[in-house]
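# Per-entry structural report
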Amino acid sequence: MTKVLLFGRLRDVAGWRETEVTPAPAMLSDLRRRIDQAWPELARALAGPGIQTAVNRALVRGDIALAPGAEVAFMPPMSGG
Amino acid sequence: MITLTEKPFDPGAALSAFSAGRADTGAVASFLGLARGEAGRATALELEAWPEFTGPEIEKIADEAGRRFSLHDVAVIHRTGEIAPGEAIVLVMTAAAHRREAFEACDFLMDYLKSRAPLWKKEHGPSGARWIEPTTRDLADAERWDG
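Residues numbered from 1 in each chain as written. Chains lettered and ligands numbered in written order. Predicted model: local features only at pLDDT ≥ 70, side-chain atom pairs only at ≥ 80, totals over all residues.

### Looking at the overall build of chain A
Note the following rule: The secondary structure listing takes helices from DSSP runs of H or I that are at least 4 residues long and strands from runs of E that are at least 2 residues long, numbered from the N terminus. Our radius of gyration looks at C-alpha atoms and nothing else; its globule reference is 2.2 Å times the residue count to the power 0.38. With C-beta atoms placed from the backbone, a residue is labelled by how many other C-beta atoms lie within 10 Å of its own: buried for 20 or more, exposed for 12 or fewer, partly exposed between the two. Placing C-beta atoms from the backbone, we regard two residues as in contact once those atoms come within 7 Å.
Along chain A, the regular secondary structure elements total three helices and five strands. Against the globule reference of 12 Å for 81 residues, chain A gives a C-alpha radius of gyration of 12 Å, in line with a compact fold. With respect to the principal axes defined by its C-alpha atoms, chain A has extents near 35 × 25 × 20 Å. Here chain A holds 81 residues, and 27% of them are scored as buried. Within chain A, counting contacts between residues at least 6 apart in sequence, those at least 24 apart form 55% of the total.

Written as structure tokens, this is what we have:
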């Protein structure tokens, strides 16, 4: 199982904030392919500019291996203050 | 100290508490951000955070500000959830020996919060809701401190 979290406009696009993907994808790129199949609109939004990804609460770039039970968060451009 | 709160806070009380009991601090600077009504176009601001991630990420930058500007102390209070026009969204407070470091640390922290802190802002109004993304100016402001 891989836990997927969405924030900001991404959750509006997908219509959910949190889900579990089973069986757990081995790589982040595998997860992206699964998202492309299940939620094509979300996949398009994830391909846009300024999307950051955190795996187990650490920002990552590029493709990485996902341990079973990993938590993957997709975050659109950030804006506080 | 970093505080994320869904409830309105009293900026004056927070500043008094932050300034109290400092014998060696010559300067306390603060920045208070308020939610704008945009002449009726914004009826509420919705601030989304991921508390388990947002708090620690802001803490890291506050620690960096502490080292970079030789601060005696730093505190950030940030609202989350629904915020009405006129309410305080964010209060940054910095304490240093002299004013320059305190001012600059406030500026540095606000530039970070506007475009790099894990927070997401949605403006609600009579004509619907829209997510607000950092402006080109916000991004350029944050880049001033890089490198």
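### Brief notes about the interface of chain A and chain B
Note the threshold: Just so you know the grouping, Ala, Val, Leu, Ile, Met, Phe, Trp, Tyr, Cys and Pro go in nonpolar, Asp, Glu, Lys and Arg go in charged, and all remaining residues, Gly too, go in polar.
The interface of chain A with chain B comprises 13 residues on the first partner and 22 residues on the second. Taken together, the residues of the side of chain A that touches chain B sort by class into seven nonpolar, four polar and two charged.

### What about the sheet that holds strand β2 (residues 18–21) of chain A?
All names here are of chain A. Heads up, the condition is: Here, strands pair whenever DSSP counts at least two bridges between them. Note on method: axes are straight lines fitted to C-alpha atoms, helices fitted across the in-contact stretch only, with angles between N-to-C directions ranging 0 to 180 degrees.
Judged by pairing direction, the sheet is mixed, and its five strands sit side by side in the order β2-β1-β5-β3-β4 without closing on themselves. At either margin of the open sheet sits one strand with a lone partner, and together these are β2 and β4 (58–60). Geometrically, the sheet is characterised by an average inter-axis angle of 30° between neighbouring strands, direction not taken into account. Here four bridges tie strand β3 (residues 52–55) to strand β5 (residues 71–75), and the two strands are oriented antiparallel to one another. From the neighbouring strand, V55 faces β5, where its bridge partner is V72.

### Here's the deal with the nonpolar core
Stated precisely, the cut-off is as follows: Working definition: the nonpolar core is a set of buried Ala, Val, Leu, Ile, Met, Phe, Trp, Tyr and Cys residues, joined through C-beta atoms within 7 Å.
One finds A62, A65, L71, V92, A105 and L109 of chain B to be the most contacted residues of the largest nonpolar core, which totals 47 residues. Among residues more than four places away in sequence, those in contact with A62 of chain B are I2, V74, V76 and L109 of chain B.

### Looking at helix α2 (residues 51–68) of chain B
All names here are of chain B. Heads up, the condition is: Here, expected helix span is obtained from the residue count minus one, scaled by 1.5 Å. When we speak of the arc, we mean the arc of directions from the helix axis to the C-beta atoms.
With 18 residues, α2 extends 25 Å from end C-alpha to end C-alpha; this agrees with the ideal 26 Å at 1.5 Å per step. Listed in full, the buried residues belonging to α2 are T54, E57, I58, I61, A62 and A65. Taken down its axis, α2 places every buried residue within 140° of arc, on the same side. In α2, those exposed residues whose orientation departs by more than 90 degrees from the buried face are E52, P56, K60, D63 and R67. On its buried side, α2 packs onto β1 (2–5), β3 (44–49), β4 (73–79), α3 (99–115) and β7 (119–125). Once α2 ends, the next one or two residues include S70, with phi positive near 50°.

### So, the environment of F108 of chain B
All names here are of chain B. If you trace the backbone, F108 turns up in helix α3. Here the alpha-carbon distance between F108 and A95, two residues 13 residues apart in the chain, equals 14 Å. Residues within four places of F108 in sequence aside, it is in contact with A65 and W145.

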